[in-house]
Structure formats: structure tokens, C-alpha cells
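Letter by letter, the chains look like this.
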Number of protein chains: 2
Amino acid sequence: MKLYDWPFAPNPRRVRMFLAEKGLGVTVEEVGGPNVTLKPESVARFDPHATAPTLELDDGTCISESMAICRYFEELHPEPRLMGRDAKDKAIVEMWERRAYEGAMLAIGELLRNTNPAFVDRGRGRHARFTKSADKQLAHNRFLAGAAFSVADVTAYYALEFLNRAVKMPIPDALGNLRRGFDEFSACPSAAATA
Amino acid sequence: MKLYDWPFAPNPRRVRMFLAEKGLGVTVEEVGGPNVTLKPESVARFDPHATAPTLELDDGTCISESMAICRYFEELHPEPRLMGRDAKDKAIVEMWERRAYEGAMLAIGELLRNTNPAFVDRGRGRHARFTKSADKQLAHNRFLAGAAFSVADVTAYYALEFLNRAVKMPIPDALGNLRRGFDEFSACPSAAATA
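Residues numbered from 1 in each chain as written. Chains lettered and ligands numbered in written order. Predicted model: local features only at pLDDT ≥ 70, side-chain atom pairs only at ≥ 80, totals over all residues. Heavy atoms only, no water.

A. Seen up close, the interface of chain A and chain B. Counting from both sides, the interface comprises 37 residues of chain A and, opposite them, 37 residues of chain B. Across the interface of chain A and chain B, roughly 3,400 Å² is buried in total on both sides, 59% from carbon and sulfur atoms. Remark: the boundary between chain A and chain B carries 10 salt bridges. Inspection of the region where chain A meets chain B yields 16 residue pairs in polar contact (both at pLDDT 80 or more). Ranked by the residues each element gives to the side of chain A that touches chain B, the list is headed by helix H4 (residues 87–112) of chain A, at 14 residues. Considering only residue class, the side of chain A that touches chain B consists of 16 nonpolar, 6 polar and 15 charged. (Contact = heavy atoms within 4.5 Å. Buried area = accessible area lost by both parts, 1.4 Å probe. Salt bridge = Lys/Arg side-chain N within 4 Å of Asp/Glu carboxyl O. Polar contact = N/O pair within 3.5 Å; in protein donor to acceptor, adjacent residues only side chain to side chain. Helix = DSSP H or I, 4+ residues; strand = E, 2+ residues; numbered from the N terminus. Nonpolar A, V, L, I, M, F, W, Y, C, P; charged D, E, K, R; others polar.)

Below, the structure is given as C-alpha cells:
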């Protein structure tokens with residue numbers, strides 16, 4: 001089994017933090033450089049969608065999409081649970097993970113890769129809507145999906161971390177709950193391991 | 001338990017087809033009209049993200065995001081499996097569902113709600129990339145995630161059906177495998193039930 005990684009990008013970092021939280025070691029091969037230049041030829045070999053991360057299983061099956069890779073490990077190594085324990089938990093984690101993905105991860109592409117003002121405006125709008133709702137959620141919950149840490153937090157953290165690092169868009173001071181959650185998250189060992 | 005539905009839109013239809021495949025009956029309340037005008041006040045009451053579908057549980061918990069609602073029912077009523085059986089299956093289903101969502105569902109907003117040519121171009125690009133890869137996958141597999149019908153097919157179908165119905169963008173004739181899969185899907189009883 002091998003994980004094709006691109007350390008610069010937020011999606012592969014989600015998977016590496018997930019593995020660190022599970023305490024799992026996986027062979028990693030880097031397919032991109034330290035900056036924004038991914039080497040598509042090295043990824044396209046195994047994945048027509050040409051994205052990192054991709055997990056290559058021993059039978060040659062390639063799994064791309066960060067959450068699909070996480071799902072694979074969650075099923076094989078359930079503890080600690082990062083995608084919910086019962087039906088309701090799992091649904092709430094999935095709801096918040098999808099909101100974080102659309103509200104923050106997708107905004108990255110719109111803000112980083114575009115010179116077209118319409119895309120930049122949409123990216124800012126996505127970002128603002130999500131951060132506002134996440135801040136509200138964190139006013140009464142320690143984590144996005146409730147009392148337990150989950151992939152929803154992982155997705156939100158790496159998207160917000162990247163927006164701050166690469167686009168210079170920090171969490172607004174007015175969103176104190178989100179700010180506090182982000183700072184706590186930054187300090188945990190598995191986040192430090194992917195920094 | 002109650003499902004807030006908006007029959008016009010592709011996301012709620014995904015959930016209704018999923019429930020039909022599972023053979024589950026759920027109380028449904030319509031919150032939108034027959035055209036593109038959703039009534040946001042009726043949805044915002046229970047969901048700050050103001051989206052349909054939303055599933056309201058008996059304890060008042062509201063689950064939005066179609067796949068989170070499907071996950072809830074898949075956990076409580078596993079058979080027939082629509083989100084994969086083992087770890088590898090589940091990962092492959094999730095990978096294709098995410099691809100279908102980004103490659104077709106997200107294109108809908110870009111094509112339908114925009115007069116800005118940059119968004120329309122991006123919507124067309126997303127759509128073209130996804131349909132090409134899905135066609136290739138269906139050359140050797142009956143369904144997107146392999147031998148078994150799954151939520152990946154549900155997402156792809158309702159997005160493609162909507163693009164054809166509302167945006168007049170049919171599947172190109174050159175993509176014969178995808179075209180055949182779509183036609184087979186249209187003919188199945190649970191798809192007919194949501195038409």
C-alpha cells in the first residue's frame with residue numbers, strides 16, 4: 001500500500017493528519033514539489049483525475065478523494081472514531097464535513113487560481129458564509145460535529161490553514177469561537193506532525 | 001421524523017430515490033414550489049444553511065446535505081447496500097460519489113444561476129471532465145463504483161437528468177457507455193418514482 005502525497009496542498013494534509021490521529025503508518029511517495037507546481041504526469045499515471053492524495057492498494061486499486069481514503073482507514077481501523085459512532089453521529093459528521101469542504105476547501109481554488117474577479121468574489125462569499133456558521137456552531141460545541149473530534153474539523157482546519165498561509169486570509173477576529181477552535185487544533189500533536 | 005423536500009431540485013430527488021431503493025417510507029413536507037423559486041423562510045427556520053433536503057429527527061436534530069441523510073438511513077437500514085459493503089467498496093463508492101458531485105452537481109449552479117460567462121465556462125468544463133471519465137469507467141463496469149449500484153450512480157443520475165431537463169445539456173452521443181447507463185437508470189422503478 002502506498003499513499004501518493006503532495007505536502008504543499010491541503011487535501012493530502014487532511015489524510016496525513018487523519019492517519020496520525022489513527023496512529024497508522026503508511027508508505028508515502030511525494031508526487032509534487034514544495035510550491036504550487038504539481039507534477040501532473042506522475043499522478044496521471046495512476047489516476048485520470050490527476051489528483052493527490054491517491055492511495056494505491058496492494059491489488060493495484062487506486063482510491064482518490066481525501067474522504068474516500070479516510071473512509072477506507074476508518075472501516076479497517078475504527079478506533080479512534082473520526083467519522084462518527086452511530087447513525088446520527090455519522091450523519092452529523094458528514095453534514096459538517098461537506099459544509100466545510102464546500103465552504104472552505106472549494107473557496108481555495110476560487111481565491112488562489114483565479115484572476116477573474118467573479119471567482120474571487122464567490123470564493124470570499126463561500127468563505128464568509130461557512131466561517132460564520134462554523135463560529136456559531138462552535139459557540140456551543142467543542143468541535144464542529146459536537147462533542148467529538150471528527151473529519152469535519154480536519155477538513156475545516158486544513159482549508160482555513162491554507163487560506164491563511166497561501167492567500168493571507170486569516171479568520172476574522174470577530175469570529176472568536178472559530179478562532180479559538182483553530183488555535184486549539186493547531187496545537188495538537190497530529191496537526192503539528194503535518195505542519 | 002420528517003423530510004423537508006423540494007421536488008424540483010436534484011438534491012432532494014437523490015434522497016427520495018435512495019429511500020425508494022431501501023423501501024423506506026418517510027413523512028415528507030414540501031418547502032419549495034414547482035419552479036426555481038425556493039421559499040427560503042420555510043427552510044431557514046430549521047437550517048441556517050437554508051437548503052432542502054433536510055431531515056428532522058424526532059429529537060429535533062436537523063440533518064442537511066443529501067449524503068449525510070443517506071448515511072443516516074444506510075446505517076440504520078443497511079440492506080440493500082447503497083454505500084458499499086467492505087472498506088474497499090465503501091471507499092470506491094465515496095470516491096465516485098464525490099467525483100459525480102463535483103463534476104456534475106456543482107456544474108448545475110454554475111450553468112443555471114450565472115450570467116457571468118466565466119462561471120458558465122467552468123460549469124461546462126467540470127461537466128465535460130466528469131462525463132468523459134464516467135464514460136470510460138462504464139466501459140468496463142455496469143455501475144460507476146463497479147458491479148453494484150450505489151449512491152455514486154444516484155448522484156450522477158440526478159445531476160445529469162437535471163442538466164438535461166433544466167439547462168438542455170444532454171449527454172453527448174459520443175459518450176455511449178454513459179448514455180446507456182443513464183437510459184437503464186431512467187427505466188428503473190425507483191427513478192420512475194421520483195420523476
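B. Inspection of the relation of the copies chain A and chain B at higher detail. Superposition of chain A onto chain B requires a rotation of 180° combined with a translation of 0.0 Å along the rotation axis, giving an RMSD of 0.0 Å. The two molecules are tied by a two-fold rotation axis, judged by turn and shift. An overlap of 100% is found between the interface residues of chain A and their copies at the interface of chain B, pointing to a shared contact surface. (Least-squares fit on C-alpha atoms with pLDDT ≥ 70 in both.)

C. Quick look at the side chain of Glu97(A). Here Glu97(A) shows up in helix H4. One polar contact links Glu97(A) to Arg98(B), side chain to side chain, over a distance of 3.0 Å. Setting aside residues up to four positions removed in sequence, Glu97(A) forms contacts with Arg14(A), Met67(A), Val151(A), Ala152(A), Thr155(A) and Arg98(B).

D. Expanded view of the environment of Val120(A). Residue and element names in this part refer to chain A. You can see Val-120 is positioned in helix H5 (residues 117–138). By relative accessible area, which is 18% here, Val-120 ends up buried. A C-alpha to C-alpha distance of 27 Å links Val-120 and Arg-180, two positions 60 residues apart in sequence. Excluding its chain neighbours within four sequence positions, the residues that come into contact with Val-120 are Glu-110, Leu-111 and Asn-114. (Buried < 20%, exposed > 50% of the residue type's maximum accessible area, 1.4 Å probe, protein only.)

E. Representation of the packing of aromatic side chains. Residues and elements named next belong to chain B. As enumerated under the stated definition, the model contains 13 aromatic pairs over all chains in all. With a centroid separation of 5.5 Å and an interplanar angle of 80°, the aromatic rings of Tyr-72 and Phe-73 are classed as edge-to-face. Taken as a pair, Tyr-72 and Phe-73 share a single burial class, namely buried. Note on Phe-149 and Phe-185: the rings are 5.4 Å apart at their centroids and 40° apart in plane angle, and the pair reads as tilted. Of the two residues, Phe-149 sits in the loop between helix H5 (117–137) and helix H6 (151–167) while Phe-185 sits in helix H7 (residues 176–186), which places them 36 residues apart along the sequence. Classification of Phe-185 as buried rests on a relative accessible area of 8%. (Phe/Tyr/Trp six-rings, centres within 6.5 Å; stacked < 30°, edge-to-face > 60°.)

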